[in-house]
Amino acid sequence: PVPIASASIGQVHRAVIVDPMTGNERAVAVKVQYPGVGEAVAADLRNADLLGMLLAQGFGGLDPAEMVGEIKERLVEELDYRQEARNQQLFADFYRDHPFIHVPDVVPEFSGAQVITSDLVSGSTWQEMLQWPQHRRDQAGETLFRFVFRSLYGLHAFNGDPHPGNYLIHDDGRVTFLDFGLVKHY
């Protein structure tokens, strides 16, 4: 009942799935979208046009229409957790068995338009990692760098939400990447 994480459009809860055939338990993270967030974002999108007009006035010769259009598209996509689940599973499959990059698998039968269920992962937070010795922080930084550029050049996708809360750092040098709601495919 108490979330283990919160964000701007949803929160994450710890849960357990029990296989009815075997009785095996699977620890999962369940990301649930806040009720009414779609309507709030729709109102924000109407304001994005105003932002475009302000940018055009402040920067003569700038046509912000393309940038505003891109922002609108990504925000609408971020509201659809089915799209986020597809993105997350794409990254999970691409990085499966990678020695330092990890993305949790999605549990599709327990996911939908406003809920994503994926394997539960524990690790250290960004804030905790900042207290580690320099060589371990460097290792985490290198993994972040490799994730960004391998995703761009190998997967042709960019995870556009580099928030420190979207990383879990592990003692063995691995980094688990979370939150794939804002992804640009090339």
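Analysis parameters
Residues numbered from 1 in each chain as written. Predicted model: local features only at pLDDT ≥ 70, side-chain atom pairs only at ≥ 80, totals over all residues. Heavy atoms only, no water. Pairing = 2+ DSSP bridges. Helix = DSSP H or I, 4+ residues; strand = E, 2+ residues; numbered from the N terminus. Contact = heavy atoms within 4.5 Å. Axes fitted to C-alpha atoms, helices over the stretch in contact; angles between N-to-C directions. Salt bridge = Lys/Arg side-chain N within 4 Å of Asp/Glu carboxyl O. Buried < 20%, exposed > 50% of the residue type's maximum accessible area, 1.4 Å probe, protein only.

One open sheet holds the 4 strands; their spatial order is 1-2-3-5, and the pairing between them is antiparallel. In this open sheet, the two strands that pair with only one neighbour each are strand 1 (5–6) and strand 5 (115–119). For strand 1 and strand 2 (residues 10–18), the ladder comprises 2 bridges, and the chain directions are antiparallel. The partner of Ala5 across the bridge, within strand 2, is Val12. Helix-sheet contacts for helix 3 (residues 81–94) involve strand 2, strand 3 (25–33) and strand 5, and the interaxial angle to strand 5 is about 20 degrees.

Enumeration over the complete set of coordinates arrives at 9 salt bridges. A salt bridge links Asp119 to Arg26; the shortest N-O distance between them is 2.8 Å. Of this pair, Asp119 sits in strand 5 while Arg26 is found in strand 3, placing the two residues 93 residues apart along the sequence. Residue Asp119 is classed as partly exposed on the basis of its relative accessible area of 22%. The partly exposed category is assigned to Arg26, whose relative accessible area is 35%. Residue Asp93 is joined to Arg96 by a salt bridge in which the shortest nitrogen-to-oxygen separation is 2.7 Å. Take Asp93: its relative accessible area is 46%, and that puts it in the partly exposed class.

In this section: the pairing of strand 3. Bridging between strand 2 and strand 3 involves 9 bridges; their strand directions are antiparallel. Bridge assignment links His13 to a residue of strand 3, and that residue is Val30. Here strand 2 folds back onto strand 3 in antiparallel fashion, the turn holding 6 residues, of which Gly23 has a positive phi close to 80 degrees. Relative to strand 5, strand 3 is paired through 5 bridges, and the arrangement is antiparallel. For Val28, the partnering residue across the bridge sits in strand 5 and is Asp119.

Geometric values such as these leave the question of function open.
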